[in-house]
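Here are the chains, one letter per residue:
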Amino acid sequence: MACTGGVIPIATPRPLNGKSKIRKRGCAPCYYCSSATNSSITTTTTDTSEGTKETSKKFSYSRASPSVRWPHRKITDTNHHSQFTVSTPTVVGDDDNAIFPRGIDEIDEEGEGDSAVNVSDETLEVLGRPSRTRAKKMTKLALKRANDWRQRVQFLTDRILQLNSDEFVADVLDERMVLMTPTDFCFVVKLVGQSSWQRAMEIYEWLNLRQWYAPNARMLATILSVLGKANQEALAVEIYTRAELGAGNTVQVYNAMMGVYARNGRFTKVQELLDLMRTRGCEPDLVSFNTLINAHSKSGSLGSNSALEFLSEMRRSGIRPDIITYNTLISACSRDSNLEEAAKVFVHMEANKCQPDLWTYNAMLSVYGRCGQSSEAEQLFRELGSKGFFPDAVTYNSLVYAFAREGNIDKVKEICDEMVKMGFGENEMTLNTIIHMYGKQGQHDLALKLYRDMKSSGRDPDVVTYTVLIDSLGKANKISEAAIVMSEMLNAGVKPTLRTYSALICGYAKAGKRLEAVETYACMLSSGIKPDHLAYTVMLDIHLRSNEPKKAMSLYHKMVCDGFTPDLSLYEAMLRDFGKENMEECVHMLVKDMEELCDLSRQIISSVLVKAECYDYAAKVFRSAILQGYDLDRENLLSILSSYSSAGRHSEALELLDFWKENAVGSDQLITEVLIVILCNSHQLEAALNEYNKSTKLGLFSGTLAMYELLIKCCDESELFSEASQLFSDMSFIGVDPSDDLYRTMVHIYCKMGFPETAACLIHQAEAKGIKIDDISIYVGFIEAYGKLKLLEEAESVVGSLRQKASIVDRKAWNALIQAYAVSGSYEKARAAFNTMMRDGPSPTVESIDGLLQALIVDGRLKELYVVIQELQDMGFKISKGSITLMLEAFAQAGDLFEVQKIYHGMKAAGYFPTMHLYRVMIGLFSRNKRVQDVEAMVYELAEAGFKPDLSIYNILLKLYTKIEDFRKTAQVYQQIQEAGLNPDDDTYSTLILMYCRDCRPEEGLLLMHEMRGRGLAPKLCIYKSLIAAFAKQKMLKEAEEIFQKLQLEGHKLDRSFYHLMMKLYRSCGKHSSAEELLVTMKEAGVEPNSHTMHLLMISYGSSGNPEEAEKVLDNLKSSGENLSTLPYSSVINAYLKNGDYNVGVEKLLEMKREGLEADHRIWTYFIRAASLCPSKTEAMILLNAIANAGCDIPIRLMTENSVSLVAEVDQYLVKLEPLEDDAAFNFVNGLEDLLWAFELRATASWVFQLAVKRNIYRHDLFRVAEKDWGADFRKLSAGAALVGLTLWLDHMQDASLEGYPESPKSVVLITGMSEYNQVSLNSTLKVFLWEMGSPFLPCKTRTGLLVAKAHSLRMWLKDSPFCLDLELKNSATLPEKNSMQLIEGFFMRRGLVPAFKDITKRLGLVRPRKFARLALLSDEKRDRTILADIKGRKEKLAKLKKFEATRIQSLKNKFRYTRRDTVKH
């Protein structure tokens, strides 16, 4: 409810005791006549427009006329200035009672000319001018009792207001058409001032220039009131100062001047005038105190118990508060949303038997609405009838505001309908409230629509409408629309108020348009509106943000001159900026003003300086404050010390601590507390906790609440929730009572820890102590905690309790409930909550929609996402970028490349530009699917979009290139990381080390691991394992042992795989005794060997040619009573077979069978491998018959039969082997391929090979010439399988080269790898085979394990070489008696080629393939001559090179000698 500007009684002043001037012509002094009732006229002034200006952003209302407030009663307005019929005319005489000094004769003389007023006698009677036929004299008493003063005043007012701008008031007054008393002139000034304060000033100045006029208090009060309403404070102050000593020392004048100050919220000035009144012996009256209260309410918050203090002061002054006093106080509480204070005033009012009126109840209803208690407001509204009052338009508007503030649109519409039904109609105030509601809810389109509807329906938006709309748009960062509304306001002729300009300035400032804000501020000044505290504050902030400290300082001076002082936060910002600019004088001036103008203590000033980071100045103020006897301010000192600590200024911190010790005796515990706080503020939480734990162990330390709050807050920020819980327990144990904030913090922490029940107990504990924790964030925390625990019923109960407390549950609570449902994948429940929000409010937001989508994602219903999106769009929701990203991430996590790409391209088409996170998701997805080109394209697009790849993206690239073994690009990515200045993390180093291990460069990986540890990063055990495996692969025993022993010394708990890895290394290096020792070490470390461990040990013995030792291990296992599987037997059998003891191997097979163990795939594979290495067919058949008798007849049948049915049987057998462990099918097929190739059954080997490819036992991409990929990769294949695959590959390439399709690349790469399979080198085997054929394949110069051939040379060789005339694989007609292949130096070679190979390599070393093929085909005699000739040719060539080199060196020496001679001569 808008309060009055004070009640100003204008009473008739006493005579001036002869001090008035003597009139010329001997006239007596004029007397100021009272009105017809001879009593003082008390005029209650109400300022509607100014009240609205002061509270444009808050609810207020005008004191409307009764016809507006109760339209259903059909009350006719009574105009205060209406004309009255006068029964008795006023006769003007020439005696001293006339106000004008001239007589009737002079008037007659002027009236005889053309300028005389042409009026009839009847008119003259009414206007007070005498007729010539009437009596010419009027007594003093008659003039006083005349009832036509209203007509005289209205006549003169109309004449003055009808003047043109170039005409003067003096022209009308000099005509003296009516007879006026001093009181009449007061009314004229007041009425004219309502339309034009300039004309009122002309009247006032005209009167003061008349010699017959004596200044009086009533006229002075009237003109001051007019100027106050016109916001002409400076002019009012000038007039008051000029007339103060004369007529100013009356209560009416003081009240009027106080009203001028009160309108602008100048409470200090009003208080000064009140004190001045008392000093001069003029006691304040009721109006004085009402004005003082009004000024205080406009200057800011009343503060706690301020209202009661005002009432007490009035009582002490002997003045009883009236209804206006109480209404003003309650209205001020409403403006401050201070329900507690308003309730106290209302109770005081009833206790003092001052009956509330409708204004009082309207004000209380407004308080309830402002404090968010709409239900209480509605209850009071319903009780008005029982109290004998009927609601008016203000009542309805207050109730509308109460529900509009909560965003309850349905309730607002219901009240508006009831308001219209009662005959009130939606006035401007109602529409302004609704516009404000839409603006707060972000529904600016509805606000603008309502504004347009107002204009189209013929309603003229008032200044409040425009101000509310501009304010809402500005806060929503829609400053362009706000500027358009401002233009429409000016075009409509509505004058912006201070609040309007302030709202627009704030909007420009928020939008970062500082230039426009400055221009608007200048426009405000040019329109004659003085800035208030808010305008000054915003402009100061703009100058500070624009880094214009000089302009800020200049504006600050103006602000202080106008009686405003910045708040502490603004002082803090100014000090911070001035401190950064080293403007020490300005800092000093601000500190001085804070002390003198704001009356702040040095403790508060030092606190502000600390917050402004002016620590050095704060330290000075702090020291002086302590030396002057102020109490020690710990918080400021802690902040200063923390700043010194964080800046490394430890000596200054210690010096200040010493100063503290000197001035605070027995502060050891306090110093410990300070140290803890300093560490916390310096973000050294771990050190602070250590200091705290060290102090608490002594049992003498008990911290303060501030320290515990800071420690717990830091633990909360660092997510050290268990430590925070322990601190809270310690705090409770020593008896430190938590604060309200600490209770809230701990409730949040327990909810985050997943202990909502503990949090609930804490709330009950706080409520028992009178601390009410009813924050919506607390409820949201409970809902989230229950959601994470999937306790959906408890989460629903929390929302249910909120619905019982308020009709509309906060949006955050609904969103938290939807997220709780989403965690459990309960889409249907989430959708029900979403529909409830749609029905009951508040409206769902982006978070609500994301919760729905997340519920579907968690439930795995990704295909329904599109349906839900379409439904939401049909409902009018706009799908945000975050929601689309959420969908994309879900499909990316599911690995659905098609859907991800579809969403991504649709997102870009809709104008949503990808973020860094989105690029990271896309690159990660493509990387997981090895889409190298897509990954590189996405990285390029990321760079084109202006982003720089971060370390996570580089790590994804490293893993991708390492996975596809493109080690060159891996190194390039690492170089880019270094060039970008990024610090590699664990993933970076781990991936690079893994890359070096796979590239057979473990030494570089080891160096990188040392670099990693030097950076303080601890490698994972899997990295150590990869390094050991890489060194083992290279048979670098020393390095692998160093890593293994280092892990043992550092106390790492190694699992069984590390020991197995080392055993394999010892086995491959022939260090079998070390394997035995490792078994002992393994037991000592607490790792029990299993059957696989013993298997490795036996394999180690078998590899060393000691099958007997392997058998001993088997016997030990038997004696231990363990249930043995075929694994240890297979190890012993394999050991004997590798050693060539075939008969013993067969005996062990029979022994195993006798013990009830059936042979498995391992034993069959070992026998097949051994058969493939047997030099003769007889030995091979013995081994194959042995496994045939044991249940595996496939190998011997492949050797002896040629039936088509074998294909199906082999296929079925491979199907049985596929699910078995240890790559059973793969090893079995490899053994078969070696056997069939060795005994020249190569056609059979070919269809077995193709059958393995069909069954995915061998990879489909071994070679893909038909798919335009000419390369081949035979890694992990056995020697026989690789030779079969090589022949098939060459056959495919021959067909492609003859047909011309597909075209080959420039180079053809054959990947062989460097590993061995069954102790046979695949790389060497294939090289020998290709060189025997004279192929153009040569070893790669940059990478090992690769054979490369130029495409042209390869095509010519495939076309012309006799070795390539028939590449078809065929079976030999009969099984050869001897094995066609021979194992030599770790690789397979055709048995007939072995002598020639040994002879050539021994005498010539490694030669080129074609030369090797040519020499190998020669007879022994011819080959010997050719080799001798080649050796002789080499020697001759070497001699010629030596001779040529010697000649060249001698020539250079001679040339140097001649050059030196010429130099000496010159």
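Computed from a prediction, not measured in an experiment: that's the story for all the values here. (Residues numbered from 1 in each chain as written. Predicted model: local features only at pLDDT ≥ 70, side-chain atom pairs only at ≥ 80, totals over all residues. Heavy atoms only, no water.)

Undergrad: For this particular structure, what's the right way to read the overall build of the protein chain?
TA: Secondary structure assignment for the protein chain yields 75 helices and 11 strands. Taken across its 1466 residues, the protein chain has 49% of its residues classed as buried. Once local pairs closer than 6 in sequence are excluded, the contacts in the protein chain between residues at least 24 apart make up 65%. When the accessible surface of the protein chain is summed, it comes to about 71,300 Å², and 51% of that surface belongs to carbon and sulfur atoms. (Helix = DSSP H or I, 4+ residues; strand = E, 2+ residues; numbered from the N terminus. Buried < 20%, exposed > 50% of the residue type's maximum accessible area, 1.4 Å probe, protein only. Contact = heavy atoms within 4.5 Å. Areas by Shrake-Rupley, 256 points an atom, 1.4 Å probe, with all protein chains shown as cover.)

Undergrad: Which parts of the structure should I look at to understand the side chain of S374?
TA: Relative to the assigned elements, S374 resides in helix α19 (residues 374–383). Excluding anything up to four places from it in sequence, S374 contacts Y368, A402, F403 and E406.

Undergrad: Help me understand the packing of aromatic side chains, please; the structure alone is not making it clear to me.
TA: To describe a pair of aromatic rings, you give the distance between the ring centres and the angle between the ring planes. Using the criterion set out here, one finds 21 aromatic pairs in the structure. Seen from their ring centres, F1044 and Y1059 are 5.5 Å apart, and the 85° between their planes marks the pair as edge-to-face. Pair noted here: F1044 is in helix α57 (residues 1037–1049) and Y1059 is in helix α58 (residues 1056–1069), with a separation of 15 residues, a long-range link. Overall, the relative accessible area of 2% leaves Y1059 in the buried class. Plain terms: the ring middles of F1263 and F1274 are 6.4 Å apart, the flat faces sit at 80° to each other, and that makes the pair edge-to-face. (Phe/Tyr/Trp six-rings, centres within 6.5 Å; stacked < 30°, edge-to-face > 60°.)

Undergrad: Is there a simple way to think about the sheet that holds strand β9 (residues 1346–1350) in this case?
TA: Pairing is mixed across the open sheet formed by 5 strands, whose spatial order is β3-β4-β5-β9-β8. In the strand order of this sheet, the two ends are held by β3 (1263–1264) and β8 (1338–1339), each with one partner. With 2 bridges connecting them, strand β4 (residues 1269–1273) and strand β5 (residues 1307–1311) associate as parallel partners. Residue pairing across strands places A1272 opposite L1310, the latter belonging to β5. Lying on the sheet, helix α71 (residues 1322–1332) is in contact with β5, β8 and β9; it crosses β9 at an angle near 25°. Sheet strands in contact with helix α72 (residues 1351–1360) are β5 and β9, and its direction is about 80° off that of β9. (Pairing = 2+ DSSP bridges. Axes fitted to C-alpha atoms, helices over the stretch in contact; angles between N-to-C directions.)

Undergrad: How should I be thinking about a negative patch on the surface in this particular structure?
TA: Together, D166, E167, D171 and D174 give the surface a local cluster of negative charge. Accessibility expressed as a relative area gives 30% for E167, which makes it partly exposed. (Patch = residues over 30% accessible without salt bridge, like charges linked within 9 Å, V, L, I, M, F, W, Y side chains within 5 Å. Salt bridge = Lys/Arg side-chain N within 4 Å of Asp/Glu carboxyl O. Lys, Arg positive; Asp, Glu negative; His and termini not counted. Charge placed at Lys NZ, Arg CZ, Asp CG, Glu CD.)

Undergrad: Can you walk me through the nonpolar core in this structure?
TA: Nonpolar side chains tend toward joint burial in soluble globular proteins. Counting 253 residues, the largest nonpolar core has Y1258, F1274 and W1289 as its most contacted members. Once residues lying within four places of it in the same chain are set aside, the contact partners of Y1258 are F1226, V1229, N1230, E1233, F1249, A1252, V1253, L1277 and A1281. Among the nonpolar cores identified, the runner-up in size contains 162 residues, and C186, Y254, A482 and A619 belong to it. (Core = buried A, V, L, I, M, F, W, Y, C linked by side-chain atoms within 4.5 Å.)

Undergrad: Could you clarify how one ought to interpret a positive patch on the surface in this entry?
TA: Taken together, the side chains of R928, K930, K959, K963, R998 and K1020 make up a positively charged region of the molecular surface. Note on placement: K959 falls in helix α52 (residues 951–963).

Undergrad: How do you make sense of the pairing of β5 when you look at a structure like this?
TA: Side-chain direction in a regular strand flips from residue to residue, so the side chains alternate between the two faces of the sheet. Residues V1308 and L1310 line the buried face of β5, whereas the alternating positions S1307, V1309 and I1311 sit on a face that is not buried. One ladder, built from 5 bridges, connects β5 with β9; its direction is antiparallel. Each bridged residue has a counterpart across the sheet, and for L1310 the counterpart in β9 is L1347.

Undergrad: Would you mind showing me how to read the confidence of the model for the protein chain here?
TA: A low pLDDT means the predicted coordinates there should not be read in detail. For the protein chain, the mean per-residue pLDDT works out to 78, and 84% of the residues sit at or above 70. Low pLDDT, under 50, characterises residues 1–66; the predicted model gives this stretch 148 contacts beyond four residues in sequence or across chains. Taken as a whole, residues 76–138 scores under 50 in pLDDT and shows 101 contacts with residues more than four places along the chain or in a different chain. (pLDDT = per-residue confidence, 0-100.)

Undergrad: Where do I start with unusual backbone geometry in this structure?
TA: Trans peptide bonds make up most of the peptide bonds, and negative phi angles are found at most residues other than glycine. A cis geometry characterises the amide bond from G841 onward to P842, with omega recorded as -10°. For P842, the location among the structural elements is in the loop between α45 (827–840) and α46 (846–858). A positive phi is found at E965, a non-glycine position, where the angle reads about 60°. Along the chain, the position of E965 falls in the loop between α52 and α53 (967–979).

Undergrad: Could you clarify how one ought to interpret the pattern of salt bridges in this entry?
TA: Close approach of charged atoms allows side chains of opposite charge to pair. For the structure shown, the criterion picks out 49 salt bridges. Across the pair R1013 and E1050 runs a salt bridge, and its minimum N-O distance is 2.9 Å. Of this pair, R1013 sits in helix α55 (residues 1002–1014) while E1050 sits in the loop between α57 and α58, and the two are 37 residues apart along the sequence. A single salt-bridge network, built from bridges that share partners, covers E965, R1259, D1261, D1273 and R1275.

Undergrad: Help me understand the packing of helix α38 (residues 705–717) against helix α40 (residues 740–752), please; the structure alone is not making it clear to me.
TA: The packing of two helices is summarised by the inter-axis angle and the distance between the axes. Contact geometry for α38 and α40: axes closest at 11 Å, N-to-C directions at 30°. The orientation of α38 relative to α40 falls into the category roughly parallel. The handedness of the crossing between α38 and α40 comes out as left-handed. On α40, the residues that touch L705, E709, I712 and D716 of α38 are L742, T745, M746, I749 and K752. Class assignment for the residues of the contact of α38 with α40 results in 5 nonpolar, 1 polar and 3 charged. (Parallel < 35°, antiparallel > 145°, perpendicular 65-115°, else oblique. Left-handed = near helix turned anticlockwise from the far one by under 90°. Nonpolar A, V, L, I, M, F, W, Y, C, P; charged D, E, K, R; others polar.)

Undergrad: I keep staring at α55 and nothing clicks. Help me out?
TA: For an α-helix the count is 3.6 residues per turn, leaving residues at separations of three or four pointing the same way. Between the first and last C-alpha of α55 there are 18 Å, a value that for 13 residues agrees with the 18 Å anticipated at 1.5 Å per step. When α55 is considered as a whole, its buried residues turn out to be P1002, G1005, L1006, L1008, M1009 and M1012. Seen along its axis, α55 keeps its buried residues to an arc of 160°; they face one direction. In α55, the exposed residues that point more than 90 degrees away from the buried face are L1007 and G1014. (Expected span 1.5 Å × (residues − 1). Arc of directions from axis to C-beta.)

Undergrad: I would appreciate a short explanation of the pairing of strand β11 (residues 1387–1390) in the present structure.
TA: Here 4 bridges tie strand β10 (residues 1381–1384) to β11, and the two strands are oriented antiparallel to one another. Considered in β11, the bridge of I1384 is made with F1387.

Undergrad: Can you walk me through the side chain of H1161 in this structure?
TA: Note that H1161 resides in helix α64 (residues 1161–1173). Owing to a relative accessible area of 8%, H1161 belongs among the buried residues under this scheme. Apart from residues no more than four positions distant in its own chain, H1161 is found in contact with L1217, L1220, E1221 and A1224.

Undergrad: Could you clarify how one ought to interpret the environment of M180 in this entry?
TA: Take M180: it is sitting in the loop between α7 (169–175) and α8 (182–195). Take M180: its relative accessible area is 2%, and that puts it in the buried class. Taking C-alpha positions, M180 is 9.5 Å from L156, a pair spaced 24 residues apart along the chain.

Undergrad: Explain the packing of helix α49 (residues 897–909) against helix α50 (residues 916–928) to me, please; I cannot follow it from the model alone.
TA: Direction vectors running N to C along α49 and α50 enclose 150°, while the axes themselves pass 11 Å from each other. As far as their axial angle goes, α50 and α49 are roughly antiparallel. The two elements α49 and α50 cross, and the hand of that crossing is left-handed. The segment α49 lies against α50, with L897, V900, Q901, Y904 and M907 engaging L918, Y919, M922, L925 and F926. The residue makeup of the contact of α49 with α50, split by class, is 9 nonpolar, 1 polar and no charged.

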